[in-house]
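Chain by chain, the residues:
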Amino acid sequence: MIRGGARLEGRVAVSGAKNSALKLAAAALLTEGRTELRNVPAIGDMHAMGAVLGELGVKVAAELERGRYVLEVPADLGTEVPEELGRRLRASIVVLGPLLARCGRVRVAMPGGCNLGHRGIDMHLSGLARMGAEITYGEDFVEARAQRLRGAEIELPFASVGATENLLMAAVTAEGTTRIGNAAREPEIADLAAYLQAMGAHIEGVGTPEMVVHGVGSLAPADHEVVPDRIEAGTYAVAATLTDGAVRLEHVEPAHLTLVLDKLAAAGADLEHHDGPGGRGALTVRGAGRLQAVDVVTLPYPGFPTDLQAQFLVLLSQAAGASMVTENVFDGRFSVIEELRRLGVELNVEGHHVIVRGPTRLRGATVRAPDLRAGAALVLAGLVADGPTVVLDPHHIDRGYADLVGRLQRLGADIAREHVEDPAGAAPATPVPGA
Ligand code: EPU
């Protein structure tokens, strides 16, 4: 429940990246022993990943309020992720590569339909098949077997984050050399590669579209600190700009946000960089009154992240003029549009383009979070709406944002968690979670 109108002021310590921490936890499966991950975000998805790893026989000790996540990986691992757990966490598909490499077989629930439109795993599977895996699948499971994976030449038709990660983890202990062409270059992949290198992997071309992996016989456990979450940072940066506030973001990596910060500055935000604690950067984001329309096109990194598209739709609803937002990564990522319209945002959708016209006065209403990022965007809209906004299904937000409500309260927002009955007329709940 949000009552809009407050300017956000204060500091936020940005968490470790969800989309790195989940993969690092999966990569720990590659070798027996103890791994400590630090700067792990206190989010629902880490608990869900803990349940997946627990099912495989890993002992997980999570102290997420301190950012610690300790994994004891046994010599004998289970090789099956049951459907219920696979559904809870779409990212559980990233155990495919490491488990196949370590155990020679794996059976994972098919991630299946989800609320970001079509999200196939064909590139994960065809890449593993090129490395010698025998793949079988049905409607609700996928199974892979291989005595020993062997290096291969793989060219991805699209720079898929998940496929790059699964293939990278499969390749590090494969026999011979694997080349992954058109590899995704997200900072979370570089973080995964750094962790694998600390375990003893030989990887070249990290951060470029061509990764070359020379398989090694074995790996040893390593500890690792998770890279800062650029999407969480971007969400708070939008919140600061939108409310005409001043928020200092600590523990960020501004180099991972270059295009996002350029767009914020073009829209009218004022940005000031500082040296932050722990060798990371800090950044103060201030709203500077009137906002200007800007166009945004989502693309794989270093392009503008799809995970900030919904938050920018809200920002641009407060900017003068017409902005065009183009979504190129997911085909179902405009589910937030209907909900934003309930709050008064003016949007026209043409295929994968949306035109947002502003500035528009938003009015509070009851809306439903259709997924994680859309849920965060609805909260942002509530921060500038007149009257109360109720965002139903906040569990989607909990999956990927550490204590969003508490952090916004500390920045001065009038926001609270309340139990409300589902009102008549609200959009139906989206049943399948999973980022
Ligand atoms: N795709 C295929 N076949 C494949 C793989 C991908 O068709 O084999 C398509 C997907 O359907 C999608 C596009 O390629 O349209 C991009 O998918 P990608 O594999 O790059 O994304 P992902 O690994 O499923 C991760 C993040 C997402 C983030 C995307 C893009 C995790 C757990 N999830 O998903 O994060 O949006 O990369 O950057 O890392 C979020 O955090 O809210 C979230 C959805």
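## Here's the deal with the packing of aromatic side chains
The full count for this structure, using the stated rule, is one aromatic pair. Ring geometry for F304 versus F312: centroids 4.8 Å apart, planes at 80 degrees, classification edge-to-face. Note that R107 overlies the ring of F141, its terminal NZ or CZ placed 3.9 Å from the centroid.

## Observations regarding the confidence of the model for the protein
Of all residues in the protein, 94% attain a pLDDT of 70 or more, and the chain-wide mean is 94. When the criterion is pLDDT under 50, residues 431-435 qualifies, and its contacts beyond four places in sequence or with other chains add up to 16 contacts.

## So, helix α6 (residues 161-171)
Helical geometry: 3.6 residues make up each α-helical turn, so side chains three or four residues apart lie on a common side. Counting buried positions over the 11 residues of α6 gives 10, a clear majority of the element. For α6, the set of buried residues is G162, A163, T164, E165, N166, L167, L168, M169, A170 and A171. Two or three places before G162, at the start of α6, stands the capping residue S160, its side-chain oxygen 3.5 Å from that residue's backbone nitrogen.

## A short note on the site of the ligand
Every one of the 25 residues lining the ligand counts as a neighbour, but K23, D122, S160, D307 and V329 are closest to it. At 2.7 Å, a backbone N or O of M123 approaches an oxygen atom of the ligand. V161 is positioned such that a nitrogen or oxygen atom in its backbone is 2.8 Å from an oxygen atom of the ligand. Coverage of the ligand by the protein amounts to 91% of the 830 Å² it exposes when considered alone.

## A few points about the sheet that holds strand β24 (residues 388-392)
The strands making up a sheet associate through backbone hydrogen bonding, with each pair oriented either parallel or antiparallel. Spatially, β23-β24-β1-β25 is the arrangement adopted by the four strands of the open sheet, whose pairing is mixed. Looking at which strands have only one partner, the edges of the open sheet turn out to be β23 (366-368) and β25 (414-415). In this sheet, β24 lies alongside strand β1 (residues 2-3) in antiparallel orientation, the contact comprising two bridges. Across the sheet, the residue bridging to R3 is P388, located in β24.

## So, the sheet that holds strand β9 (residues 141-145)
If you walk across this open sheet you meet the four strands as β6-β7-β9-β8, and the pairing is mixed. The sheet is open, and its two edges are formed by β6 (80-81) and β8 (134-137), each paired on a single side. Along the sheet, helix α4 (residues 96-103) makes contact with β7 (105-109) and β9, crossing β7 at roughly 155 degrees.

## Brief notes about the pairing of strand β11 (residues 177-181)
The buried fraction of β11 amounts to four of the five residues, a majority that puts the element mostly inside the structure. Between strand β10 (residues 153-155) and its parallel partner β11, the chain crosses via α6, and the hand of that crossover is right-handed.

## Thoughts on the packing of helix α1 (residues 18-27) against α6
Helix packing geometry: the angle between the two helix axes and the distance between the axes. Between α1 and α6, whose axes approach to 11 Å, the crossing angle comes to 25 degrees. Comparing their axes, α6 and α1 come out roughly parallel. The handedness of the crossing between α1 and α6 comes out as right-handed. Facing α1, whose interface residues are N19, K23, A26 and A27, α6 presents V161, E165 and M169. Split into classes, the residues belonging to the contact of α1 with α6 amount to four nonpolar, one polar and two charged.

## Looking at the pattern of salt bridges
What the rule picks out here adds up to 28 salt bridges. Between E165 and K23 there is a salt bridge; the shortest N-O distance is 2.7 Å. A residue pair is termed long-range when its members are at least 10 positions apart, and E165 in helix α6 and K23 in helix α1 qualify at 142 residues. Taken as a pair, E165 and K23 share a single burial class, namely buried. Put simply, E272 and R286 hold a salt bridge, and the shortest N to O gap is 3.1 Å. In this pair, E272 sits in strand β16 (residues 270-275) while R286 sits in strand β17 (residues 281-286), placing the two residues 14 residues apart along the sequence.

The rules behind the values
- Counting from 1, residues in each chain are numbered in the order their sequence is written.
- Only residues with pLDDT of at least 70 get local features here, since the model is predicted, and only at 80 or more are side-chain atom pairs given and counted; chain-wide, interface and lining totals rely on the full set of residues.
- Note: side-chain values were computed over all heavy atoms of the structure, leaving out hydrogens and water.
- What counts as a ring pair is set by centres within 6.5 Å for rings of Phe, Tyr and Trp (its six-membered ring), and what kind of pair is set by the plane angle: stacked under 30 degrees, edge-to-face over 60, tilted for all other angles.
- The criterion for a charge sitting over a ring is simple: Lys NZ or Arg CZ within 6 Å of the ring centre, and within 35 degrees of the ring normal.
- One confidence number per residue, pLDDT, is output by the predictor and ranges from 0 to 100.
- Contacts were defined at the residue level, with two residues in contact if any of their heavy atoms lie within 4.5 Å.
- Each residue is placed in one exposure class: buried if its accessible area under a 1.4 Å probe, protein chains only, is under 20% of its type's maximum, exposed if it is over 50%, and partly exposed if it falls in between.
- For the purposes of this entry, the term helix denotes a DSSP run of H or I that reaches at least four residues, the term strand denotes a run of E that reaches at least two, and both are numbered from the N terminus.
- Counted as a polar contact is a pair of N or O atoms within 3.5 Å, where, for protein atoms, one must be capable of donating a hydrogen and the other of accepting one, and residues adjacent in sequence contribute only when both atoms are in side chains.
- For each residue, the test is whether any non-hydrogen atom lies within 4 Å of the molecule or strand; if one does, the residue is near.
- For the area figures, the Shrake-Rupley method with a 1.4 Å probe applies, and any residue is considered shielded solely by the protein chains shown.
- Should DSSP find at least two bridges between two strands, the strands are regarded as paired.
- Convention adopted: a line fitted to C-alpha atoms gives each axis, helices being fitted over their contacting stretch, and angles between N-to-C directions are expressed from 0 to 180 degrees.
- The path from the first strand over the helix to the second decides the hand: if it runs clockwise while the strands point away from the viewer, the crossover is right-handed.
- Angles below 35 degrees are treated as roughly parallel, those above 145 as roughly antiparallel, those between 65 and 115 as roughly perpendicular, and all remaining angles as oblique.
- For any helix crossing, the convention is left-handed if the near helix is rotated counterclockwise from the far helix by under a right angle, and right-handed if that rotation is clockwise.
- Nonpolar residues are Ala, Val, Leu, Ile, Met, Phe, Trp, Tyr, Cys and Pro. Charged residues are Asp, Glu, Lys and Arg, and all others, Gly as well, are polar.
- The term salt bridge refers to a side-chain nitrogen of Lys or Arg lying within 4 Å of a carboxyl oxygen of Asp or Glu.

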